Amino acid sequence: MTFTPHPDLSEAEVAETVESTITDHDVAIFMKGTRTFPQCGYSQRAVQLIGQYTDEFADVDTLPALDSFRSALAAHSGWETIPQVFVDGEFIGGSDIVAELEDRGELEQLVTG
């Protein structure tokens, strides 16, 4: 599921989008761009790493309301950087941490559970 929000979303609507995406999907990536058209190398890397194990993940394009998404995501993860990956409602990290999990052989089990 790809979600590109309208740029006029309120802070509350962005916060609800973050909350519902994390709750409703086993794997969620909040990124710059979409899985088919990533807008930064880190987002592209996260999608590639997760995508090798599942295509059943939500990707949310944060660019239309980037500042609001940074604030809403920080409430869940303590981080403001993008991308952010959540698995089973838990914050996993950004592309570097996802890559570390892959290097340690832990990503597949985490994603496919």
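Every value quoted in this text rests on a predicted model; they were computed, and no experiment measured them.

Here we look at helix H1 (residues 11-24)
Here H1 spans 20 Å end to end across 14 residues, near enough to the 20 Å set by a 1.5 Å rise per residue. Those residues of H1 that fall on the buried side of the exposure criterion are Val 14, Thr 17, Val 18, Thr 21 and Ile 22. For H1, the angular spread of the buried residues around the axis is 120 degrees, confining them to a single face. Exposed side of H1, more than 90 degrees from the buried face: Ala 12, Thr 23 and Asp 24 are the residues found there. Residues of H1 that are buried make contact with strand E1 (2-3), strand E2 (27-31), strand E5 (58-61), helix H3 (66-77) and strand E6 (84-87).

Points about the pattern of salt bridges
Counted by the stated rule, this structure contains three salt bridges. Between Arg 35 and Asp 59 there is a salt bridge, with its nearest N and O atoms 2.9 Å apart. Here Asp 59 lies in strand E5 and Arg 35 lies in the loop between strand E3 (33-34) and strand E4 (37-38), a separation of 24 residues in the sequence. The exposure class assigned to Arg 35 is partly exposed, which follows from its relative accessible area of 22%. On the basis of relative accessible area, Asp 59 is assigned to the buried category, the value being 0%. In this structure, Arg 104 and Glu 106 form a salt bridge, with 3.1 Å as the shortest nitrogen-oxygen distance. Given the relative accessible area of 36%, Glu 106 is considered partly exposed.

Definitions and cut-offs
- Residues numbered from 1 in each chain as written.
- Predicted model: local features only at pLDDT ≥ 70, side-chain atom pairs only at ≥ 80, totals over all residues.
- Heavy atoms only, no water.
- Helix = DSSP H or I, 4+ residues; strand = E, 2+ residues; numbered from the N terminus.
- Expected span 1.5 Å × (residues − 1).
- Buried < 20%, exposed > 50% of the residue type's maximum accessible area, 1.4 Å probe, protein only.
- Arc of directions from axis to C-beta.
- Contact = heavy atoms within 4.5 Å.
- Salt bridge = Lys/Arg side-chain N within 4 Å of Asp/Glu carboxyl O.

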